[in-house]
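Given next are the chains, with one letter for each unit.
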Amino acid sequence: MREQQNYRAAIYCRLSSEDGADHESMSIGNQRALLAEYVAKQGWEVVDTYIDDGFSGTNFDRPGFQRMIADIEKGRINLVITKDLSRLGRNYILCGQYTEIYFPERHVRYIALNDGVDTLNQTSSMDITPFKHILNDMYAKDISTKIKSTLHAKARRGEYLGALDPYGYLRHPDDKHKLIINEETAPIVRRIFEMSAAGMGSRSICTVLNEEGILSPAEYARFRKHDPARDGEFVRKRFWGQTYLRSILKNEMYVGCMVQGRQYTPSYRSKKREPIPKEDWIVVPDMHEPIISRELFDEAQKKMQARKKVIKPLDEPRLFSGLFYCEGCGTAMRQHTTSNGKYTYFICGKHHSIGKLACSSHYINYDTFYQVIQEDIRRNAKLFSEDSERAAQKLMELKCADEQKQAAKMNRDLASAKKRLADLDVKLKRTYEDNMNGKLPDHIFSMFIADYDAERAGLRLSIADMEKALEKVRDTKADIDRFAKLIQKYTSFEELDRFMLNELIDRITIYETPGMGRNRIGKEKTITIYYKFVGAIKKKKTT
């Protein structure tokens, strides 16, 4: 890289808990002051200072760093400076990729001030840069191992390590590693176990809690931080769901055990968490006051186990899997069969999990739904096979009626506008020549130029709008032609199959009038089929 005078510098500062005892000398303030002084002495421009305070160097998914990379991509920066290599990062693979490949390819000079690293000057210090990256990486690994060891020791002693209060408890105000009962939420936990031990299923328990207006754990945590003066009236956004409720019912923490070590990170470089087998969890009994008795806990487990359904694995996905959605909330519709196997139906997945407060059921019988889809495919296949041009024309009118009607006129207007623009260019040239030759006074020349420029700007906008509208007509026609060829493949079929549905359809939605109950006579639902290339053609109503 050749030296240049006009450097646009990015000062990058980073600090995390892994930086240990030398915390004060590594502080963000000290880094910034040191680097700003150096850049000022060199006479370089500081574009911005990018800071990541509290972010590990083992990965590069940091807001300040990513903002700096975005500015490099925009061409705003051609020099990056850090206090030392470890401020850039502690992952030797990615650090090397940035210093050896990314920065040079984008003509960005990199300086690690205290390490004597400068990508412009290939001195002996640059030769050992890869080894410094490795040492920084090894330091991060060592720190990670020590932190994990410390946390495991604390967990085995029964100290609470969570960052948030578990539902039903609070962290002790004098010792955050101890738990005390939350008098507001503990009765709700106790009631959940009592309802389960009485034989109620998780869905029924969720319905009761939601209908009574009891806040879910996530909403309760949000409510505790809510400030009416700052945030206005509190509005519930989330509801009790079966997954979290079951996690409460299976958690031995509520009988006084400290249960931890249920997940782990495969690598110190990764934030991904993997589950640990239950037999390897760290469980320390009698560490805090129980909310429920062991007998109630065991009874709830028995009732849950008795209600547990054996789900047989499907040989292949269900016919409408991944295609059918509730229009009200966007959740996938769930297919169910009655216990006697007589009826199969669909209901909204959110309604099934949470209840009617989240969304209405959108119930529809499987056979009714199947027939609607089958008939619509047959109807469209017949229309396009009997008179493809007429069917395509009707679809064009549906998709871009206004643009199609005006297409002929727009073509004429577009040609006229382009001709006028070319004429103005000629007139503009002549006006300049006349002014240069003294045939046209300056004040008249200025007036003509202003008028011509205004007209040319208006013409360019009009031309762009007309070209966009005509392009829409062309694209729509091309999409309809593709759909016509596709739908005509299915002019004759006996039954629907997954290949046919996935080839023809993007998604299917169902909408029902709000407040309509499942058994309300005369209720109306609307099914919309979004076909490939053309989208919705005609909405189908059913009752």
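What counts, and at which threshold
- Residues numbered from 1 in each chain as written.
- Predicted model: local features only at pLDDT ≥ 70, side-chain atom pairs only at ≥ 80, totals over all residues.
- Heavy atoms only, no water.
- Pairing = 2+ DSSP bridges.
- Helix = DSSP H or I, 4+ residues; strand = E, 2+ residues; numbered from the N terminus.
- Patch = residues over 30% accessible without salt bridge, like charges linked within 9 Å, V, L, I, M, F, W, Y side chains within 5 Å.
- Areas by Shrake-Rupley, 256 points an atom, 1.4 Å probe, with all protein chains shown as cover.
- Salt bridge = Lys/Arg side-chain N within 4 Å of Asp/Glu carboxyl O.
- Buried < 20%, exposed > 50% of the residue type's maximum accessible area, 1.4 Å probe, protein only.
- Phe/Tyr/Trp six-rings, centres within 6.5 Å; stacked < 30°, edge-to-face > 60°.
- Lys NZ or Arg CZ within 6 Å of the ring centre and 35° of its normal.
- Core = buried A, V, L, I, M, F, W, Y, C linked by side-chain atoms within 4.5 Å.
- Contact = heavy atoms within 4.5 Å.
- Expected span 1.5 Å × (residues − 1).
- Arc of directions from axis to C-beta.

Peer 1: For this particular structure, what's the right way to read the sheet that holds strand β15 (residues 364-365)?
Peer 2: Within a sheet, each strand pairs with its neighbour through backbone hydrogen bonds, oriented either parallel or antiparallel. What the three strands build is an open sheet, ordered β13-β14-β15; its pairing is antiparallel. Of all the strands in the sheet, just β13 (333-337) and β15 have a single pairing partner and so form its edges. Across five bridges, β13 lies against strand β14 (residues 344-348) in antiparallel orientation. Following the sheet pairing, histidine 336 is matched in β14 by tyrosine 345.

Peer 1: Sorry if this is basic, but what is going on with a nonpolar patch on the surface here?
Peer 2: A grouping of Ile147, Leu151 and Leu161 is seen on the molecular surface, where their side chains present a nonpolar patch of about 220 Å² in accessible area. Mapped onto the secondary structure, leucine 151 falls in helix α6 (residues 129-156). For leucine 151, a relative accessible area of 41% gives the class partly exposed.

Peer 1: For this particular structure, what's the right way to read the pairing of β14?
Peer 2: Regular strands place their side chains on alternate faces of the sheet. Burial of β14 is extensive: four of the five residues sit out of reach of the surface. Taking the residues between adjacent antiparallel strands as the criterion, β13 and β14 are bridged by six residues, where glycine 341 takes a positive phi near 75 degrees. Where β14 and β15 come together, two bridges link them in antiparallel fashion. Within β15, the residue paired with phenylalanine 346 across the bridge is isoleucine 364.

Peer 1: Honestly, the packing of aromatic side chains in this entry has me stumped. Any pointers?
Peer 2: Any two aromatic rings considered together are summarised by their centre-to-centre distance and by the angle between their planes. Overall, the coordinates contain 29 aromatic pairs when judged by the stated rule. Here tyrosine 167 and tryptophan 240 contribute two aromatic rings whose centre-to-centre distance is 5.6 Å and whose plane-to-plane angle is 80 degrees, an arrangement assigned as edge-to-face. Remark: tryptophan 240 occurs in the loop between α10 (228-231) and α11 (242-249) and tyrosine 167 occurs in the loop between α6 and β6 (169-171); sequence separation between them is 73 residues. In this pair, the class of tyrosine 167 matches that of tryptophan 240, namely buried. Considering the side-chain rings of phenylalanine 223 and phenylalanine 234, the 5.2 Å spacing of their centres and the 85 degrees angle between planes classify their relative orientation as edge-to-face. Of the two residues, phenylalanine 223 sits in helix α9 (residues 217-224) while phenylalanine 234 sits in the loop between α10 and α11, which places them 11 residues apart along the sequence. The buried category is assigned to phenylalanine 234, whose relative accessible area is 19%. Connected via pairs of aromatic rings, a cluster forms that spans Tyr12, Phe60, Phe65, Tyr98, Tyr102, Phe103 and Tyr110. Here arginine 62 stacks its cationic end above the ring of phenylalanine 60, 4.5 Å away from the centre of that ring. Note that arginine 378 overlies the ring of phenylalanine 493, its terminal NZ or CZ placed 5.0 Å from the centroid.

Peer 1: Looking at this model, I keep getting lost on the nonpolar core. Mind explaining?
Peer 2: By size, the foremost hydrophobic cluster in this structure holds 43 residues, and its most contacted members are Phe320, Ile373, Ile377, Leu496 and Ile505. Among the secondary structure elements, those contributing two or more residues to this core are β12 (324-326), β14, α14 (366-386), α15 (388-405), α17 (442-487), α18 (498-504), β16 (505-512) and β17 (525-531). At eight residues, the largest contribution of residues to this core is made by α14. For phenylalanine 320, the residues in contact, after removing those within four places along its chain, are Phe346, Tyr366, Phe369, Tyr370, Ile373, Leu496, Arg498, Leu501 and Ile508. Counting 38 residues, the second largest nonpolar core, distinct from the first, contains Leu179, Tyr220, Val259 and Met304.

Peer 1: Would you mind showing me how to read the environment of glycine 158 here?
Peer 2: Within the fold, glycine 158 resides in the loop between α6 and β6. Residues glycine 158 and histidine 288 lie 130 residues apart in sequence; the distance between their C-alpha atoms is 9.4 Å. Ignoring sequence-local partners within four residues, the contact set of glycine 158 consists of His177, Met258, Val284 and Met287.

Peer 1: How should I be thinking about helix α1 (residues 28-42) in this particular structure?
Peer 2: Because an α-helix completes one turn every 3.6 residues, residues spaced three or four positions apart along the sequence face the same direction. Look at α1: 21 Å from first C-alpha to last across 15 residues, which is about the 21 Å you get at 1.5 Å a residue. Looking at α1, one finds that the buried residues are Ile28, Gln31, Leu35 and Val39. Projection of α1 onto a plane perpendicular to its axis shows the buried side chains occupying an angular sector of 65 degrees, all on one side. Opposite the buried face of α1, by more than 90 degrees, sit the exposed residues Ala40 and Lys41. Contact partners of the buried residues in α1: β1 (8-15), β2 (45-53), β3 (79-82) and α3 (85-88). Once α1 finishes, glycine 43 follows within two positions and takes phi at roughly 80 degrees, a positive value.

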